[in-house]
Amino acid sequence: VFQKWVNREISNFDYLIQLNTMAGRTYNDLAQYPVFPWILRDYTSEELDLDNPAVFRDLSKPIGVVNEKNAKTVKEKYENFEDPLGMIDKFHYGTHYSNAAGVMHYLIRVEPFTTLHIQLQSGRFDCADRQFHSIPATWQALMDNPNDVKELIPEFFYFPEFLENQNGFNLGQLQMSKEVVNDVVLPKWAHSPEDFIYKHRKALESEYVSAHLHEWIDLIFGYKQRGPAAVEALNVFYYCTYEGAVDLDALTDEKERKALEGMINNFGQTPCQL
């Protein structure tokens, strides 16, 4: 697969799907859903210029520190963390770039995710301000908040329907602007959900991303996923998210085991290292 990708016989999209599959990710498990990168950082221009490197996200950095000003906070959090019981290793992020709640967050307008979201929120929609209502606003929130580290899901590159409220769900109103949450607000350069998907996919297959995608792959699937390289890259997540970090079979206490399983499912899981 790698050789095919290097020779450009398969697309960036296909390569990412295959890496996800090899690392144990699947559409059948929300806790291990395929993970894709944010690839753009320009969601405000009237036109999207894919020949300009400045429109792309820095793929060599975890999403939590793509905005340089978050790096200091993230570093300090890691350096100052101490678990009095000595069980929990230091980490940069207490949340994860891929988890079940995040998948439902993006896909809330499409069944069965709508129903799953409502179940998660004890029978109703979460408050409107926490809904996925705008792509530019979601990106801005990532830039402002080092605790929000959600990457994307593959649907952002092929499935325009998830951006439309075709079922007419009542997702509420934003508190400040009183704006009704309906279809997802798109970047200015996208004239429709189809246009967004078309341009976003084109961006994924662009020359810039083809040249830099391996840097992101190192962080998510490769050698910067754990160990000293991960520490240096500001890429360490809560210990429960790593494969093999917890031996569930060794836990004899049923309650403890259930609690840990729940935690792993909610926190998200780091893919198997390839």
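Residues numbered from 1 in each chain as written. Predicted model: local features only at pLDDT ≥ 70, side-chain atom pairs only at ≥ 80, totals over all residues. Heavy atoms only, no water.

- Under an unreviewed UniProt entry, the name given to the chain is NBEL1 protein, and the organism recorded is Dasyornis broadbenti.

## Considering the overall build of the chain
- A count of helical and extended segments in the chain gives 10 helices and zero strands.
- Against the 2.2 N^0.38 benchmark of 19 Å for 274 residues, the chain shows a C-alpha radius of gyration of 19 Å, consistent with a compact globule.
- With the principal axes as the frame, the chain shows a C-alpha extent of 55 × 50 × 35 Å.
- For the chain, the residues scored as buried account for 49% of the 274 residues in total.
- Across the chain, contacts joining residues at least 24 apart in sequence account for 68% of those joining residues at least 6 apart.
- Put simply, the chain shows about 13,700 Å² of open surface, and 52% of that area lies on carbon and sulfur atoms.
- Taking the average place of the 25 positive charges on the side chains of the chain and the average place of its 40 negative ones, the gap between the two points comes to 3 Å. (Helix = DSSP H or I, 4+ residues; strand = E, 2+ residues; numbered from the N terminus. Rg over C-alpha atoms; globule rule 2.2 N^0.38 Å. Buried < 20%, exposed > 50% of the residue type's maximum accessible area, 1.4 Å probe, protein only. Contact = heavy atoms within 4.5 Å. Areas by Shrake-Rupley, 256 points an atom, 1.4 Å probe, with all protein chains shown as cover. Lys, Arg positive; Asp, Glu negative; His and termini not counted. Charge placed at Lys NZ, Arg CZ, Asp CG, Glu CD.)

## A short note on the state of the cysteines
- Across all of its chains, the model carries zero disulfides by this definition.
- Left unpaired, C240 is separated from the closest cysteine sulfur, that of C272, by 16 Å.
- Taking relative accessible area as the criterion, C240 reaches 2% and is therefore assigned buried. (Disulfide = S-S within 2.5 Å.)

## Description of a nonpolar patch on the surface
- Taken together, the side chains of V1, M22 and L274 define a hydrophobic patch exposed on the protein surface, amounting to about 280 Å² of accessible area.
- Tracing the backbone through its elements, the reader meets L274 in the segment after helix 10 (254-267).
- Accessibility expressed as a relative area gives 49% for L274, which makes it partly exposed. (Patch = residues over 30% accessible without salt bridge, like charges linked within 9 Å, V, L, I, M, F, W, Y side chains within 5 Å. Salt bridge = Lys/Arg side-chain N within 4 Å of Asp/Glu carboxyl O.)

## Quick look at the environment of Y198
- Locating Y198 in the fold gives a position in helix 7 (residues 193-204).
- The exposure class of Y198 is exposed, given its relative accessible area of 53%.
- Sequence separation between Y198 and L16 is 182 residues; the distance between their C-alpha atoms is 18 Å.

## A look at the side chain of D42
- Relative to the elements of secondary structure, D42 occurs in the loop between helix 2 (12-22) and helix 3 (68-80).
- Buried charged residue D42 carries no salt bridge. Nearest counter-charge: R41, at 8.4 Å.
- Beyond its immediate chain neighbours, meaning those up to four positions away, D42 contacts E47, L48, V55 and W189.

## Here we look at helix 7
- Here helix 7 is 12 residues long and its end C-alpha atoms lie 16 Å apart, about the 16 Å a rise of 1.5 Å per residue gives.
- Three or more residues of helix 7 are buried, namely P193, D195, F196, I197, K199, H200, A203 and L204.
- Buried residues along helix 7 sit in contact with helix 2, helix 6 (135-144) and helix 8 (207-220). (Expected span 1.5 Å × (residues − 1).)

## Regarding the packing of helix 2 against helix 8
- Put simply, helix 2 and helix 8 touch, their axes get as near as 11 Å, and they point 15 degrees apart. The orientation of helix 2 relative to helix 8 falls into the category roughly parallel. Both helix 2 and helix 8 take part in a crossing whose hand is right-handed. Residues N12, Y15, L16 and L19 of helix 2 touch helix 8, and the partners they reach there are V209, S210, L213, W216 and I217.
- Split into classes, the residues belonging to the contact of helix 2 with helix 8 amount to seven nonpolar, two polar and no charged. (Axes fitted to C-alpha atoms, helices over the stretch in contact; angles between N-to-C directions. Parallel < 35°, antiparallel > 145°, perpendicular 65-115°, else oblique. Left-handed = near helix turned anticlockwise from the far one by under 90°. Nonpolar A, V, L, I, M, F, W, Y, C, P; charged D, E, K, R; others polar.)

## What to know about the packing of aromatic side chains
- Tallying each qualifying case throughout the model produces 27 aromatic pairs.
- With a centroid separation of 6.0 Å and an interplanar angle of 55 degrees, the aromatic rings of F132 and F156 are classed as tilted. On the criterion of sequence distance, the pair formed by F132 in the loop between helix 5 (113-120) and helix 6 and F156 in the loop between helix 6 and helix 7 is long-range, its members being 24 residues apart.
- By relative accessible area, F156 is classed as buried at 1%.
- Aromatic side chains W216 and F221 sit 6.3 Å apart centroid to centroid with 80 degrees between the ring planes, which places their arrangement in the edge-to-face category. Both residues of the pair, W216 and F221, belong to the buried class.
- If you follow K90 out to its NZ or CZ, it ends over the ring of Y78, 6.0 Å from the centre.
- A cation over a ring is seen here: R201 above F13, with NZ or CZ 4.1 Å from the ring centre. (Phe/Tyr/Trp six-rings, centres within 6.5 Å; stacked < 30°, edge-to-face > 60°. Lys NZ or Arg CZ within 6 Å of the ring centre and 35° of its normal.)

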